[in-house]
Amino acid sequence: MSRPRSTTEGRLTQIVLIVLALAFLGVFLLLPLIVVFSEALKQGLGPFLDAVHTPDALAAIKLTLLIAAISVPLNMVFGVAASWAITKFHFPGKSLLITLIDLPFSVSPVVSGLIFVLLFGAQGWFGPWLAAHDLKIIFAVPGIVLATVFITFPFVARELIPLMMEQGKDDEEAAVSLGANGWQVFRHVTLPNIRWGLLYGVLLCNARAMGEFGAVSVVSGHIRGLTNTMPLHVEILYNEYDFVGAFAVASLLALLALVTLVAKTILEWRFDLHHTGAGH
Amino acid sequence: MIKVQNVTKRFGDFAALRDIDLEVRPGEFIALLGPSGSGKTTLLRIIAGLEFQDSGQVLFSGEDVSDRKVADRHVGFVFQHYALFRHMTVADNVAFGLTVRKRRDRPSRAAIAARAEELLRLVQLEGLGDRYPAQLSGGQRQRVALARALAIEPKLLLLDEPFGALDAKVRKDLRRWLRELHKQMGLTSIFVTHDQEEALELADRVVVMNNGVIEQVGTPEEIYMHPATPFVSHFVGETNRIPAGPASGGAGDEVHFRPHDVEVVREGGEALLVDNVFRKGGAWRVEGALAEGGLIVEIDIDVAQPRPNPGETVLIRPVRSRVFNANPEGAQP
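This structure is a prediction, so every number in the text was calculated from the model and none was measured.

What follows covers the overall build of chain B. When helices and strands are counted, chain B shows nine helices and 18 strands. Oriented by its inertia axes, the alpha-carbon framework of chain B measures out at about 80 × 45 × 30 Å. The contacts in chain B between residues at least 6 apart in sequence include a share of 62% that link residues at least 24 apart. As displayed, chain B offers around 15,600 Å² of accessible surface, 48% of which is attributable to carbon and sulfur atoms. Within chain B, one finds 42 positive and 46 negative side-chain charges whose respective centroids are separated by 8 Å.

Have a look at this one:
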């Protein structure tokens, strides 16, 4: 064969790498996922449904959905606003803003939670004022929302900034030159240009908002039926040796992850299609 | 009448425009010609209201519009990469300027559709209204961008490198067509280009820019035949530059002459050592080095004359030439 040696060696390396990667994925990702579902359904569907149907579990699910329903739209708006400001305008402190957007990713979630305790807790900066006005933030829903918003802030902005930078300002300038006002430019030009990226960012933001443990754990206070989100509820059940219950609730979170993955794949596919199909 | 007075613009430390004065008469077709970084696009964007000058005024028909935004200046702007809205059909793109009007000024849906169709007919894209920009060729996209800009019935049409992204053949056709359209619609048009051929062929007057200043304003004929500065002489058309002899100028002076402004003589010319000869249109293009000083010079000789051979020496004499001081400010491209 006249095939150069380097390609055969290349193929061997290729196989070894692929096998390694698959083995790694199998042990660290697939196996735990299977364990979660098999543990949850170990004693059949009945106990599984019972575990999900307890008042505390239902309250945790409701709270998680509520938190996501508040924080995801907020971060959608913040993310779009920040990306718009960063990519369409010049202003002092821009690079500082870009760095700050990444802060929630680089800080430990526990620290993020503590920040809010230090600000709004009974001994915190605003503690006395809040107490005087009978407002409760820490160990209550507002605190959990704040922590979740903080943790999930980067997802939308990080998705949009590179996209909007690449698209530049031409489309917006064209719209303005044709007489469109700010809202019309956003509604008819910018938003359609970023819609797939935005949806993708929102999806990731939602997954994290529902799954966040560390920061929420610090501010929630773990009050059953009141301030327990799904991840916190899983921990409590597990610590109480209620394995079926813990894995049942965990399997719901895992299911959410799977749905997110599928939706993300579909979005990426549409996004690519949209992108390459309409290039200049 | 468009008037630009003492306009200056800086980007940080970079002076993009320095003290620019320009007048454009109604119905004129003007080219802003210059190398990249010369400030031509910045000037166009300032006239449009997409960028604002640091000092100086822009006047439309005697009215100071310096503080007006682009939407209030009522100009048509065609972007270099067209900036078509990719998620809208061609017809919706063209109609955009009408659909975003305030309700009381907005024509009916049917009237807008009819107007879009009329504009598409004008730019010879009849029947393509349902397509998306991605489904069009470069030349077609360019014409959609033009139709979209014309929809708001601007008096002034501004085009940024309108042919830059097109291949040579399409470019040539589109140029001629744009010239016709300009005349037919009675527009005043200003376009930016770095392509001198485009500027000379298309424009009534050419504004040659370099390093943020206007080097010369004139008809294509004036610019080519009577360049005012060494930069214009060098940038527009082909030019040979040789140091002036004692007879033709002072120290530091340069003689500029076009390749076709040279004749071959029997005696009394400069000796040129022929290096390469090829046919260029109706002439022999002769490349060689001057015997004195070794400078590379290109000349054109009518094909009716004998073809010089490489290695030969011919005597040449510029028929028409200009003398410039070689080192005034801004002389180098």
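A separate point is the overall build of chain A. Looking only at helices and strands, chain A features 13 helices and zero strands. For chain A, the succession of helices and strands along the chain, N to C, is α-α-α-α-α-α-α-α-α-α-α-α-α. Each principal axis of the C-alpha distribution contributes one length, and for chain A these read about 70 × 60 × 30 Å. For chain A, the residues scored as buried account for 40% of the 280 residues in total. Across chain A, every contact between residues at least 6 apart in sequence was considered, and the portion connecting residues at least 24 apart equals 73%. When the accessible surface of chain A is summed, it comes to about 15,500 Å², and 73% of that surface belongs to carbon and sulfur atoms. A gap of 6 Å separates the mean positions of the 16 positive and 18 negative side-chain charges of chain A.

A few words on helix α1 (residues 40–48) of chain B. Residue and element names in this part refer to chain B. Summarising burial for α1: eight of the nine residues are buried, a large majority. Restricting attention to buried positions, one finds in α1 the residues K40, T42, L43, L44, R45, I46, I47 and A48. Downstream of α1 by a residue or two, G49 has a phi angle that is positive, lying close to 95 degrees.

All names here are of chain A. Within the secondary structure, A246 sits in helix α13 (residues 243–277). Considering only alpha carbons, one finds A246 and A51, 195 residues apart in sequence, at a separation of 8.2 Å. When near neighbours in sequence (up to four residues on either side) are disregarded, A246 contacts V234, L237 and Y238.

Attention shifts here to the pattern of salt bridges. Residue and element names in this part refer to chain B. Within the structure shown, the criterion is met by 29 salt bridges over all chains. The partner of R121 in a salt bridge is E126, and the shortest N-O contact between them spans 3.1 Å. Here R121 falls in the partly exposed class, since its relative accessible area comes to 44%. When salt bridges with common partners are traced through the structure, they connect K172, R175, E197, E198 and E201 into a single cluster.

A few words now on the interface of chain A and chain B. Opposite the 21 residues of chain A that make contact, chain B presents 22 residues. For the pair chain A and chain B, the summed buried area comes to about 2,000 Å², and 61% of that belongs to carbon and sulfur atoms. Across the salt bridge formed by D171 of chain A and R86 of chain B, the nearest N and O atoms sit 3.6 Å from each other. Counting every contact that joins chain A to chain B gives four residue pairs in polar contact (both at pLDDT 80 or more). When contributions to the side of chain A that touches chain B are tallied by element, the ones reaching two or more residues are α9 (170–177) and α10 (182–211) of chain A. In terms of residues, the side of chain A that touches chain B owes the most to one element, α9 of chain A, which gives seven residues. Residues that form the side of chain A that touches chain B fall into these classes: eight nonpolar, nine polar and four charged.

Once that is clear, we can look at the confidence of the model for chain B. All names here are of chain B. For chain B, mean pLDDT is 90; residues scoring 70 or higher make up 96% of the total. Throughout residues 329–333 the model reports pLDDT below 50, and contacts reaching past four residues in sequence, or to other chains, amount to twelve contacts. If you check the scores for this complex, the pTM reads 0.80 and the ipTM reads 0.84.

Here we come to the sheet that holds strand β12 (residues 253–257) of chain B. Residue and element names in this part refer to chain B. A sheet is described by the order of its strands in space; here three strands give the open sequence β11-β12-β18, paired in antiparallel fashion. Strands at the two margins of the open sheet, each flanked by one partner only, are β11 (240–243) and β18 (322–325). Within this sheet the neighbouring strands show an average axis-to-axis angle of 35 degrees, counted without direction. With four bridges joining them, β11 and β12 adopt antiparallel strand pairing.

Below, the discussion takes up the packing of aromatic side chains. A full pass over the atoms with the stated rule returns 15 aromatic pairs over all chains. With a centroid separation of 5.2 Å and 75 degrees between ring planes, the pair formed by F105 of chain A and F155 of chain A is classed as edge-to-face. Note that F105 of chain A is positioned in helix α5 (residues 103–106) and F155 of chain A in helix α8 (residues 141–167), a separation of 50 residues in sequence. Its relative accessible area of 39% is what places F105 of chain A among the partly exposed residues. Aromatic rings pair up to connect F116, F120, F126 and F150 of chain A into one cluster. Over the aromatic face of Y224 of chain B sits the side chain of R258 of chain B, whose NZ or CZ is 4.2 Å from the ring centroid. Taking the ring centre of W284 of chain B as reference, the NZ or CZ of R279 of chain B above it sits at 5.9 Å.

Of the volumes computed, that of the largest pocket is approximately 710 Å³. Lining the largest pocket we find 24 residues, and of these K88, F89, K169, E173 and V176 of chain A sit closest to its centre. Mapped onto the lining of the largest pocket, the elements with two or more residues apiece are α3 (55–88), α9 and α10 of chain A together with α2 (70–73) of chain B. Split by residue class, the lining of the largest pocket holds ten nonpolar, five polar and nine charged.

Here we come to the sheet that holds strand β13 (residues 262–265) of chain B. Residue and element names in this part refer to chain B. The sheet built from five strands is open, its strands ordered β13-β17-β14-β15-β16 with antiparallel pairing. Two strands bound the open sheet, and with one partner strand each, they are β13 and β16 (296–302). Sheet twist, expressed as the mean angle between neighbouring strand axes with direction ignored, is 50 degrees. Looking at chain direction, β13 and strand β17 (residues 313–318) are connected through four bridges and run antiparallel. By the bridge assignment for β17, E263 is matched with R317.

The rules behind the values
- Here the residue index of a chain counts from 1 through its sequence in written order.
- To read the labels, note that chains go from A and ligands from 1, taken in the order they are written.
- For this predicted model, a pLDDT threshold of at least 70 governs which residues receive local features, and a threshold of 80 or more governs which side-chain atom pairs are given and counted, while totals over whole chains, interfaces and linings are taken from all residues.
- Heavy atoms throughout the structure, all of them, feed into the side-chain values; hydrogens and water do not.
- Helix numbering and strand numbering both begin at the N terminus, where a helix is a DSSP run of H or I of at least 4 residues and a strand a DSSP run of E of at least 2.
- In what follows, residue pairs with any heavy atoms lying within 4.5 Å of each other are defined as contacts.
- Every accessible area reported is derived by Shrake-Rupley at a probe size of 1.4 Å, with residue values counting cover from the shown protein chains alone.
- In this charge count, Lys and Arg are treated as positive and Asp and Glu as negative; neither His nor the chain ends contribute.
- Positions of charges follow a simple convention, taking NZ of Lys, CZ of Arg, CG of Asp or CD of Glu.
- Each residue gets one of three labels from its accessible area relative to the maximum for its type: buried under 20%, exposed over 50%, partly exposed in between, using a 1.4 Å probe on protein chains only.
- In what follows, salt bridge is the name for a side-chain nitrogen of Lys or Arg lying within 4 Å of a carboxyl oxygen of Asp or Glu.
- When two parts are put together, the accessible area they lose, computed with a 1.4 Å probe and summed over both, is reported as buried area.
- Think of a polar contact as two N or O atoms within 3.5 Å of one another; within protein, one of them needs to be a possible hydrogen donor and the other a possible acceptor, and neighboring residues in sequence only count if both atoms come from side chains.
- In this classification, the charged set is Asp, Glu, Lys and Arg, the nonpolar set is Ala, Val, Leu, Ile, Met, Phe, Trp, Tyr, Cys and Pro, and all remaining amino acids, among them Gly, are polar.
- Confidence scores here are pLDDT values: one per residue, from the predictor, ranging 0 to 100.
- Here, a strand pair is defined by DSSP locating no fewer than two bridges between the strands.
- Here an angle of 0 to 180 degrees is reported between the N-to-C directions of two axes, which are lines fitted to C-alpha atoms, with helices fitted over the stretch in contact.
- Pairs were defined over the aromatic rings of Phe, Tyr and Trp, the Trp ring being its six-membered one, requiring ring centres within 6.5 Å. Orientation was assigned from the angle between planes: stacked under 30 degrees, edge-to-face over 60, tilted for the rest.
- A ring is considered to have a charge above it if a Lys NZ or an Arg CZ atom is located within 6 Å of its centre and within 35 degrees of its normal.
- Put plainly, a pocket is an open set of points on a 1 Å grid over the protein atoms alone with protein on both sides within 12 Å along at least five of seven lines, a cavity is a set where a 1.4 Å probe fits but cannot get out, and a lining residue has an atom within 4 Å of a point.
- Grid points are joined across faces, edges and corners, and a volume is the space filled by probe spheres set on the points.

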